[in-house]
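Next come the chains, spelled out residue by residue.
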Amino acid sequence: MGAGRIGHLHARNIAVCGRARIGSVYDTHAAAAEVLAHRHGAVAVDDADAVFDDPRIDAVFICSPTDTHVSFIERAARSGKAIFCEKPIDLDYARVMSVVSLLEQFPVTFMTGFHRRFDASTRRIREHVDAGRIGDVEFMRVMARDPGPPPAAYVARSGGLFRDMMIHDLDLCRWLTGREFTRVFARGFNLFDPGTEAEGDYDTATATLWDDRGFSVVLQNSRRSNGGFDQRIEVMGSAASVSMDNVPVTQTRLILPDGLKSDALPDHFPERYAGAYVAQLSEFLSAIEEKRQPITTAIDGIAALQLADACALSATEQSIVNIMPVARSRAAT
(Lines give C-alpha, C1' and ligand atoms only; values in the text may rest on other atoms or scores of the structure.)
Protein backbone atom coordinates (compact mmCIF):
# COMPACT_ATOMS: atom_id res chain seq x y z
CA MET A 1 0.00 0.00 0.00
CA GLY A 2 1.87 3.06 -1.31
CA ALA A 3 4.37 3.22 -4.16
CA GLY A 4 6.60 6.06 -2.99
CA ARG A 5 10.23 5.93 -1.87
CA ILE A 6 9.68 3.70 1.17
CA GLY A 7 7.30 1.47 -0.80
CA HIS A 8 9.98 0.90 -3.43
CA LEU A 9 12.53 0.10 -0.70
CA HIS A 10 10.35 -2.56 0.94
CA ALA A 11 9.22 -3.99 -2.40
CA ARG A 12 12.82 -4.46 -3.53
CA ASN A 13 13.67 -6.36 -0.34
CA ILE A 14 10.57 -8.54 -0.57
CA ALA A 15 11.29 -9.36 -4.20
CA VAL A 16 14.77 -10.73 -3.47
CA CYS A 17 14.20 -12.36 -0.06
CA GLY A 18 13.03 -15.71 -1.43
CA ARG A 19 10.40 -16.15 1.31
CA ALA A 20 7.55 -14.05 -0.08
CA ARG A 21 6.38 -12.43 -3.29
CA ILE A 22 4.45 -9.27 -4.06
CA GLY A 23 0.91 -9.95 -5.23
CA SER A 24 -0.61 -6.48 -5.56
CA VAL A 25 0.41 -2.83 -5.43
CA TYR A 26 -2.03 -0.05 -4.58
CA ASP A 27 -1.49 3.71 -4.73
CA THR A 28 -3.86 6.61 -5.30
CA HIS A 29 -1.51 7.55 -8.15
CA ALA A 30 -2.23 4.73 -10.58
CA ALA A 31 0.89 5.36 -12.67
CA ALA A 32 3.15 4.97 -9.63
CA ALA A 33 1.45 1.68 -8.71
CA GLU A 34 1.88 0.44 -12.29
CA VAL A 35 5.61 1.19 -12.29
CA LEU A 36 6.27 -0.61 -9.01
CA ALA A 37 4.04 -3.57 -9.85
CA HIS A 38 5.62 -4.04 -13.29
CA ARG A 39 9.11 -3.94 -11.78
CA HIS A 40 8.37 -6.90 -9.48
CA GLY A 41 5.91 -8.97 -11.48
CA ALA A 42 2.88 -7.91 -9.43
CA VAL A 43 -0.55 -6.54 -10.29
CA ALA A 44 -1.43 -2.87 -9.85
CA VAL A 45 -4.93 -2.36 -8.46
CA ASP A 46 -6.94 0.87 -8.44
CA ASP A 47 -9.19 -0.11 -5.52
CA ALA A 48 -7.79 -0.83 -2.06
CA ASP A 49 -10.63 -3.29 -1.41
CA ALA A 50 -9.12 -5.52 -4.09
CA VAL A 51 -6.19 -6.08 -1.74
CA PHE A 52 -8.17 -6.75 1.42
CA ASP A 53 -10.71 -8.99 -0.34
CA ASP A 54 -8.06 -11.14 -2.03
CA PRO A 55 -7.68 -14.46 -0.13
CA ARG A 56 -4.27 -15.01 -1.74
CA ILE A 57 -2.83 -11.99 0.07
CA ASP A 58 -1.37 -13.03 3.45
CA ALA A 59 0.12 -9.72 4.56
CA VAL A 60 0.11 -6.02 3.72
CA PHE A 61 2.92 -3.47 3.86
CA ILE A 62 1.42 -0.05 4.64
CA CYS A 63 3.82 2.48 3.13
CA SER A 64 1.28 5.17 2.28
CA PRO A 65 0.98 8.65 3.89
CA THR A 66 0.45 8.58 7.65
CA ASP A 67 -3.14 9.83 7.54
CA THR A 68 -4.16 6.68 5.61
CA HIS A 69 -2.58 4.13 7.97
CA VAL A 70 -5.42 3.55 10.42
CA SER A 71 -8.01 2.89 7.73
CA PHE A 72 -5.75 0.34 6.03
CA ILE A 73 -4.87 -1.29 9.36
CA GLU A 74 -8.53 -1.70 10.27
CA ARG A 75 -9.40 -3.28 6.93
CA ALA A 76 -6.38 -5.57 6.97
CA ALA A 77 -6.98 -6.75 10.54
CA ARG A 78 -10.65 -7.52 9.88
CA SER A 79 -9.66 -9.52 6.82
CA GLY A 80 -7.16 -11.55 8.86
CA LYS A 81 -4.01 -10.33 7.12
CA ALA A 82 -0.67 -9.73 8.83
CA ILE A 83 0.28 -6.05 8.90
CA PHE A 84 3.52 -4.14 8.56
CA CYS A 85 2.95 -0.41 9.13
CA GLU A 86 5.50 2.31 8.65
CA LYS A 87 5.89 4.74 11.52
CA PRO A 88 4.08 6.59 12.88
CA ILE A 89 0.89 4.54 13.00
CA ASP A 90 -1.01 7.84 13.11
CA LEU A 91 -0.44 11.38 14.37
CA ASP A 92 -3.44 11.23 16.69
CA TYR A 93 -2.93 9.39 19.99
CA ALA A 94 -6.59 8.35 20.31
CA ARG A 95 -6.62 6.84 16.81
CA VAL A 96 -3.50 4.80 17.58
CA MET A 97 -5.10 3.56 20.80
CA SER A 98 -8.10 2.46 18.73
CA VAL A 99 -5.69 0.37 16.64
CA VAL A 100 -4.28 -1.25 19.78
CA SER A 101 -7.81 -2.16 20.87
CA LEU A 102 -8.68 -3.47 17.40
CA LEU A 103 -5.61 -5.72 17.39
CA GLU A 104 -6.72 -7.19 20.71
CA GLN A 105 -9.97 -8.13 18.98
CA PHE A 106 -8.28 -9.30 15.77
CA PRO A 107 -4.82 -10.51 16.91
CA VAL A 108 -3.08 -10.66 13.55
CA THR A 109 0.70 -10.29 13.35
CA PHE A 110 1.41 -6.56 13.49
CA MET A 111 4.78 -4.82 13.12
CA THR A 112 5.62 -1.13 13.48
CA GLY A 113 8.40 0.04 11.17
CA PHE A 114 11.16 1.04 13.58
CA HIS A 115 13.92 -0.34 11.38
CA ARG A 116 16.82 1.00 13.45
CA ARG A 117 16.27 -1.72 16.06
CA PHE A 118 17.53 -4.15 13.42
CA ASP A 119 20.78 -2.37 12.63
CA ALA A 120 23.74 -4.59 13.57
CA SER A 121 25.65 -1.85 15.42
CA THR A 122 22.57 -0.72 17.33
CA ARG A 123 21.69 -4.29 18.30
CA ARG A 124 25.21 -4.74 19.61
CA ILE A 125 24.64 -1.85 22.02
CA ARG A 126 21.50 -3.61 23.26
CA GLU A 127 23.45 -6.85 23.74
CA HIS A 128 26.07 -5.10 25.90
CA VAL A 129 23.38 -3.42 28.00
CA ASP A 130 21.41 -6.67 28.43
CA ALA A 131 24.56 -8.56 29.41
CA GLY A 132 25.24 -6.01 32.17
CA ARG A 133 28.64 -5.08 30.77
CA ILE A 134 28.10 -1.34 31.32
CA GLY A 135 26.51 -1.79 34.76
CA ASP A 136 23.48 0.30 35.65
CA VAL A 137 22.57 2.64 32.79
CA GLU A 138 22.85 6.26 33.92
CA PHE A 139 22.97 8.50 30.85
CA MET A 140 22.46 8.34 27.08
CA ARG A 141 23.18 10.67 24.19
CA VAL A 142 21.78 10.46 20.66
CA MET A 143 22.77 12.59 17.67
CA ALA A 144 20.78 12.37 14.43
CA ARG A 145 21.16 14.72 11.48
CA ASP A 146 19.64 14.39 8.03
CA PRO A 147 21.70 15.55 5.05
CA GLY A 148 19.13 18.24 4.24
CA PRO A 149 15.56 19.38 4.95
CA PRO A 150 12.70 17.61 3.17
CA PRO A 151 10.36 19.46 0.78
CA ALA A 152 7.81 21.75 2.38
CA ALA A 153 4.97 19.55 1.07
CA TYR A 154 6.42 16.61 3.01
CA VAL A 155 6.84 18.70 6.17
CA ALA A 156 3.20 19.75 5.97
CA ARG A 157 1.98 16.12 6.28
CA SER A 158 4.78 14.76 8.48
CA GLY A 159 3.50 15.78 11.90
CA GLY A 160 6.67 17.76 12.58
CA LEU A 161 10.26 16.95 13.42
CA PHE A 162 9.49 15.29 16.76
CA ARG A 163 6.91 12.88 15.30
CA ASP A 164 8.61 12.31 11.96
CA MET A 165 12.35 12.26 12.73
CA MET A 166 13.01 12.12 16.47
CA ILE A 167 10.42 9.38 16.94
CA HIS A 168 13.04 6.86 15.75
CA ASP A 169 15.45 7.98 18.47
CA LEU A 170 12.71 7.97 21.10
CA ASP A 171 11.94 4.36 20.22
CA LEU A 172 15.63 3.45 20.47
CA CYS A 173 15.89 5.06 23.91
CA ARG A 174 13.17 2.75 25.21
CA TRP A 175 14.42 -0.34 23.40
CA LEU A 176 18.13 0.00 24.12
CA THR A 177 17.74 0.68 27.84
CA GLY A 178 14.44 -0.95 28.80
CA ARG A 179 13.41 2.28 30.53
CA GLU A 180 10.10 4.12 30.37
CA PHE A 181 10.41 7.90 30.56
CA THR A 182 8.18 10.06 32.72
CA ARG A 183 9.44 13.62 32.09
CA VAL A 184 10.41 15.50 28.94
CA PHE A 185 11.84 18.93 28.21
CA ALA A 186 12.34 19.90 24.56
CA ARG A 187 13.16 22.97 22.49
CA GLY A 188 12.84 23.48 18.77
CA PHE A 189 14.55 26.09 16.62
CA ASN A 190 14.59 27.41 13.06
CA LEU A 191 18.22 27.95 12.15
CA PHE A 192 18.43 27.57 8.38
CA ASP A 193 15.35 26.39 6.43
CA PRO A 194 12.62 28.97 5.67
CA GLY A 195 10.39 26.30 4.06
CA THR A 196 10.25 24.26 7.26
CA GLU A 197 9.56 27.39 9.34
CA ALA A 198 6.76 28.43 6.97
CA GLU A 199 5.05 25.09 7.68
CA GLY A 200 5.23 25.72 11.44
CA ASP A 201 7.92 23.14 12.10
CA TYR A 202 11.51 23.19 13.38
CA ASP A 203 14.67 22.30 11.50
CA THR A 204 16.66 21.74 14.72
CA ALA A 205 15.65 20.34 18.11
CA THR A 206 17.00 19.13 21.44
CA ALA A 207 15.11 17.00 23.97
CA THR A 208 15.96 15.72 27.45
CA LEU A 209 14.08 12.77 28.94
CA TRP A 210 14.16 11.27 32.45
CA ASP A 211 12.75 8.17 34.07
CA ASP A 212 11.61 7.80 37.68
CA ARG A 213 15.12 6.83 38.84
CA GLY A 214 16.88 9.80 37.26
CA PHE A 215 18.28 8.02 34.19
CA SER A 216 18.42 10.70 31.50
CA VAL A 217 18.74 10.95 27.75
CA VAL A 218 19.71 13.92 25.59
CA LEU A 219 18.66 13.81 21.94
CA GLN A 220 19.74 16.28 19.27
CA ASN A 221 18.16 16.32 15.82
CA SER A 222 18.87 18.50 12.80
CA ARG A 223 17.61 18.55 9.25
CA ARG A 224 21.09 19.52 8.03
CA SER A 225 24.41 17.68 7.97
CA ASN A 226 27.05 18.80 5.52
CA GLY A 227 28.89 15.48 5.83
CA GLY A 228 26.02 13.11 5.02
CA PHE A 229 23.62 11.08 7.17
CA ASP A 230 24.85 11.51 10.75
CA GLN A 231 23.87 8.87 13.37
CA ARG A 232 25.61 8.52 16.74
CA ILE A 233 24.67 6.90 20.07
CA GLU A 234 26.39 6.62 23.44
CA VAL A 235 25.11 4.83 26.54
CA MET A 236 26.98 5.37 29.81
CA GLY A 237 26.70 3.18 32.88
CA SER A 238 28.14 2.61 36.32
CA ALA A 239 30.82 0.22 34.99
CA ALA A 240 31.48 1.22 31.39
CA SER A 241 30.09 2.97 28.34
CA VAL A 242 29.17 1.72 24.88
CA SER A 243 28.84 3.83 21.76
CA MET A 244 28.06 3.72 18.05
CA ASP A 245 29.86 6.16 15.79
CA ASN A 246 28.97 7.03 12.21
CA VAL A 247 29.26 4.22 9.69
CA PRO A 248 30.95 5.47 6.48
CA VAL A 249 30.28 3.99 3.07
CA THR A 250 33.44 1.88 3.49
CA GLN A 251 36.06 1.53 6.21
CA THR A 252 38.77 2.70 3.81
CA ARG A 253 41.11 5.48 4.93
CA LEU A 254 43.48 7.34 2.61
CA ILE A 255 46.77 8.33 4.25
CA LEU A 256 47.96 11.67 2.87
CA PRO A 257 50.96 13.84 3.79
CA ASP A 258 48.64 16.31 5.51
CA GLY A 259 46.47 13.72 7.33
CA LEU A 260 43.90 10.97 6.93
CA LYS A 261 40.84 10.98 4.70
CA SER A 262 37.95 8.57 5.26
CA ASP A 263 35.11 7.71 2.92
CA ALA A 264 32.00 9.85 3.12
CA LEU A 265 28.93 9.02 5.19
CA PRO A 266 25.91 7.44 3.45
CA ASP A 267 23.65 9.85 1.61
CA HIS A 268 20.55 9.05 3.69
CA PHE A 269 18.70 6.36 5.62
CA PRO A 270 18.13 3.87 2.74
CA GLU A 271 21.89 3.50 2.33
CA ARG A 272 22.86 3.63 6.02
CA TYR A 273 20.19 1.17 7.15
CA ALA A 274 19.99 -1.12 4.10
CA GLY A 275 20.94 -4.16 6.19
CA ALA A 276 18.52 -3.19 8.94
CA TYR A 277 15.59 -3.16 6.50
CA VAL A 278 16.49 -6.66 5.32
CA ALA A 279 16.71 -7.94 8.92
CA GLN A 280 13.41 -6.23 9.76
CA LEU A 281 11.67 -7.99 6.86
CA SER A 282 13.10 -11.32 8.00
CA GLU A 283 11.68 -10.79 11.51
CA PHE A 284 8.27 -9.88 10.10
CA LEU A 285 8.13 -12.98 7.90
CA SER A 286 9.31 -15.21 10.76
CA ALA A 287 6.62 -13.76 13.02
CA ILE A 288 3.96 -14.57 10.42
CA GLU A 289 5.25 -18.12 9.94
CA GLU A 290 5.48 -18.70 13.70
CA LYS A 291 2.11 -17.02 14.42
CA ARG A 292 3.57 -14.59 16.97
CA GLN A 293 4.10 -10.87 17.41
CA PRO A 294 7.41 -9.35 16.22
CA ILE A 295 9.78 -7.36 18.42
CA THR A 296 8.24 -4.03 17.34
CA THR A 297 4.54 -3.94 18.15
CA ALA A 298 1.66 -1.48 18.16
CA ILE A 299 2.44 -0.69 21.81
CA ASP A 300 5.94 0.38 20.75
CA GLY A 301 4.38 2.60 18.11
CA ILE A 302 2.08 4.33 20.54
CA ALA A 303 4.78 4.65 23.24
CA ALA A 304 7.10 6.43 20.79
CA LEU A 305 4.26 8.68 19.62
CA GLN A 306 3.42 9.52 23.23
CA LEU A 307 7.00 10.67 23.78
CA ALA A 308 7.04 12.61 20.50
CA ASP A 309 3.77 14.34 21.43
CA ALA A 310 5.25 15.25 24.82
CA CYS A 311 8.35 16.69 23.13
CA ALA A 312 6.20 18.78 20.77
CA LEU A 313 4.09 20.07 23.66
CA SER A 314 7.16 20.87 25.72
CA ALA A 315 8.72 22.81 22.84
CA THR A 316 5.51 24.81 22.40
CA GLU A 317 5.05 25.57 26.10
CA GLN A 318 8.80 25.68 26.90
CA SER A 319 8.17 23.68 30.05
CA ILE A 320 8.69 20.18 31.43
CA VAL A 321 5.92 17.74 30.48
CA ASN A 322 5.09 14.79 32.74
CA ILE A 323 4.12 11.44 31.18
CA MET A 324 2.34 8.30 32.31
CA PRO A 325 4.01 5.77 29.99
CA VAL A 326 1.39 3.89 27.95
CA ALA A 327 3.45 0.66 28.09
CA ARG A 328 3.41 0.79 31.88
CA SER A 329 -0.26 1.74 32.17
CA ARG A 330 -1.39 -1.11 29.89
CA ALA A 331 0.89 -3.59 31.68
CA ALA A 332 -0.80 -2.62 34.92
CA THR A 333 -4.20 -3.52 33.49
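A. Spotlight on the environment of V108. As for its placement among the helices and strands, V108 is situated in the loop between α5 (93-105) and β5 (110-113). In this structure V108 comes out as buried when scored by relative accessible area, which is 12%. The spacing of V108 and K291 is 183 residues in sequence and 8.3 Å in space, taken between C-alpha atoms. Contacts of V108, omitting those with residues within four sequence positions, involve A77, G80, K81, A82, I83, L103 and Q293.

B. Up close: the pairing of β5. Burial along β5 is two-sided: F110 and T112 facing one way and M111 and G113 facing the other are all buried. Both strand β4 (residues 82-86) and β5 contribute to a ladder of 4 bridges, which runs parallel. Directly across from E86, in β5, lies its bridge partner G113. Regarding the hand of the β-α-β motif, the stretch spanning β4, α5 and β5 is right-handed.

C. Layout of the environment of A152. Within the secondary structure layout, A152 lies in helix α7 (residues 152-158). For A152, a relative accessible area of 32% puts it in the partly exposed group. C-alpha separation for the pair A152 and A276, spaced 124 residues apart in sequence, amounts to 28 Å.

D. Main features of the pattern of salt bridges. If you walk through the whole model with that rule in mind, you get 23 salt bridges. Among the salt bridges present, the one from D300 reaches R117, with a minimum N-O distance of 3.2 Å. You can see D300 sitting in helix α13 (residues 298-317) and its partner R117 sitting in the loop between β5 and α6 (120-130), a full 183 residues away along the chain. Across the pair, R117 and D300 agree in class, each one buried. Notably, a salt bridge pairs R292 with E290, separated by 2.6 Å at the nearest N-O pair. Each of R117, D171, R174, E180 and D300 takes part in salt bridges that share partners, so that together they form one network.

Calculation criteria
Residues numbered from 1 in each chain as written. Predicted model: local features only at pLDDT ≥ 70, side-chain atom pairs only at ≥ 80, totals over all residues. Heavy atoms only, no water. Helix = DSSP H or I, 4+ residues; strand = E, 2+ residues; numbered from the N terminus. Buried < 20%, exposed > 50% of the residue type's maximum accessible area, 1.4 Å probe, protein only. Contact = heavy atoms within 4.5 Å. Pairing = 2+ DSSP bridges. Right-handed = clockwise from strand over helix to strand, strands pointing away. Salt bridge = Lys/Arg side-chain N within 4 Å of Asp/Glu carboxyl O.

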